[in-house]
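So you can see what is in the structure, the chains are spelled out below.
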Amino acid sequence: MKRSALFLTLALLVPAAHAQLAASAPSQSVPGDARPDAPELSARGPYAVGVRTLKLTNPGQLDIVNAPKEGPIPRYNRPLTVEVWYPAQGDSGSGSTTYTDVLGSGPNDPKRPNTPFTIPGRATRDAPPVAGKAPYPLVIVSHGYPGSRFLMSYLTENLASKGYVVASIDHTDSTHADKAAFASTLLNRAIDDNFVLGEMARLGAAGSGSPLSGLVNADDTALVGYSMGGYGALNAAGAGYGPEMLPLVPGGALKERQTGNYKVDPRIKAVVAFAPWGGDAAVKGIGVNFGGKYGFWDEAGLAGLKVPTMFVVGDRDDVAYYEGGVKPLFENAVNAERYMLVYENASHNTAPNPPPAASLNSFDDYMHYAEPAWDMSRLNNLNQHFVTAFLDWKLKGKAEDAAYLNVPTPRSNDIKVSRNADGTPKADDTSWKGFKNRTARGIELYKMMPK
């Protein structure tokens, strides 16, 4: 064949081959889709996913935003919008939906206006649930300040596909659209978590008349919180605040969340705290120099946390902080079985979806989602993997999943791959379960048991 004919043939074949590969390649357009290097448990589960929106009202709550300088704090009926994902009829990953959110940091920030954007999802709005498999353990998700109930849709959809009912809260006064007085967030996070747990138990009980009837096993509940959501989740699960922090909320209202002043709902069986705010370095980072030994907590407060807890943090976190922030919380929650997953060189955004396209023209909005040293889809897959292992073990009793967390060496960069000729590991192999060769990099995982 002449050279010119050969080049013409290749020119015709190569685009066709590329088109065929593109058609067969998995889509990466939806938050939560697995990359080729994703660890084992990041894959979607066996169920299709349904999603529906709940409008809830918690009556008689303190109206911190409108609190007077002196005198009693008025009360109001506190509205909460909750998005619920659940196992649905159909094939895994078969759904399609769009979630609507806004950029920005509250309603009156001219530098970050509330610009609407959409997030694609693999769920079906109001789909019929899977029959005969329920009830499913409950996972309550709490966003950062500000954030939204869709901030971690990659994780909420993923967990629902694996047999969980996931309820993600829009915390009033704390979303991208309605961010208001910080004191409202300080008081209301744990209160909102507990209220939503109770409402999900009521609506999800057999015979409730709700579309969620019979779906929810609230007796096995996990709290998943990011940043201020982690702050509230730790408190709801037993880490009472210290007395030093009372001045930060009007009328001493935070006293009801102090150590010894409330009871932990026994249905809470596990916590995942992504970059939880409130440690000593975090409190000092906003100019508050009168906190307790561990910021919002002292020894007694952290000792009140008794449920299994997974902390997730970047070692360069500049909001919740690692040294002086999250690490001391992990080390001093002495009555809990606990894990700390560390992403090397990551800052604070270890939990959100990837940055939406609408954020690309705004540095501040983009950096609300992005991690400069990490691909966000990669972080999303890692979070799916480790959270699945933890919740399957602690809520569903899958003891075999402990092997994904009890890693042979705590620093993935120190892994030694030592295999026999048939590919089986030798006695000195320290690979992490669930990771393909050369894919566990830049991650640390530590474990501490109750004293």
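Residues numbered from 1 in each chain as written. Predicted model: local features only at pLDDT ≥ 70, side-chain atom pairs only at ≥ 80, totals over all residues. Heavy atoms only, no water.

Caption draft 1: Representation of unusual backbone geometry within the structure. Between Ala134 and Pro135 the backbone carries a cis peptide bond, its omega angle lying at 0°. With respect to the helices, strands and loops of the structure, Pro135 is situated in the loop between strand 5 (124-125) and strand 6 (136-142). In this model, Tyr145 is joined to Pro146 through a cis peptide bond whose omega is -5°. Look at Asp173: it is not a glycine, yet its phi comes out positive at around 75°. (Helix = DSSP H or I, 4+ residues; strand = E, 2+ residues; numbered from the N terminus.)

Caption draft 2: The arrangement of the sheet that holds strand 5 in detail. Read from one edge of the open sheet, 10 strands run 5-1-2-7-6-8-9-10-11-12, paired in mixed fashion. Every other strand in the sheet has two partners, leaving strand 5 and strand 12 (443-448) as the edge strands with one partner each. This element, helix 2 (residues 153-160), spans strand 1 (48-62), strand 2 (75-88), strand 6, strand 7 (165-170), strand 8 (216-226) and strand 9 (268-274) of the sheet and lies at about 55° to strand 2. In this fold helix 3 (residues 182-204) packs onto strand 1, strand 2, strand 6, strand 7, strand 8 and strand 9, with an angle of close to 120° to the strand it touches most, strand 1. (Pairing = 2+ DSSP bridges. Contact = heavy atoms within 4.5 Å. Axes fitted to C-alpha atoms, helices over the stretch in contact; angles between N-to-C directions.)

Caption draft 3: Looking closely at the pairing of strand 7. In terms of burial, strand 7 is largely enclosed, as 6 of its 6 residues are buried. Burial along strand 7 is two-sided: Val165, Ala167 and Ile169 and Val166, Ser168 and Asp170, pointing in opposite directions, are all buried. Inspection of the sheet shows strand 2 paired to strand 7 by 5 bridges, in the antiparallel sense. Of the residues in strand 7, the one forming a bridge with Trp85 is Val166. (Buried < 20%, exposed > 50% of the residue type's maximum accessible area, 1.4 Å probe, protein only.)

Caption draft 4: Structural context of helix 9 (residues 376-396). With 21 residues, helix 9 extends 28 Å between its outermost C-alpha atoms, agreeing within 8% with the 30 Å of an ideal straight helix rising 1.5 Å per residue. Of all 21 residues in helix 9, 20 are buried, a share of seventy percent or more. Where helix 9 begins, the side chain of Asp375 points an oxygen toward the backbone nitrogen of Ser377, at a separation of 3.0 Å. A positive phi of about 75° marks Gly397, the residue just after helix 9. (Expected span 1.5 Å × (residues − 1). Polar contact = N/O pair within 3.5 Å; in protein donor to acceptor, adjacent residues only side chain to side chain.)

Caption draft 5: Spotlight on the nonpolar core. Judged by nonpolar contacts, the single largest core of 126 residues is most densely connected at Val196, Met200, Phe296, Trp297, Tyr343, Phe386 and Leu391. No other element matches the 11 residues that helix 3 contributes to this core. Contact partners of Phe386, with chain neighbours within four places excluded, come to Met310, Leu341, Tyr343, Tyr404, Leu405, Trp432, Phe435 and Leu445. (Core = buried A, V, L, I, M, F, W, Y, C linked by side-chain atoms within 4.5 Å.)

Note that all results are geometric; they support no functional claim without further evidence.
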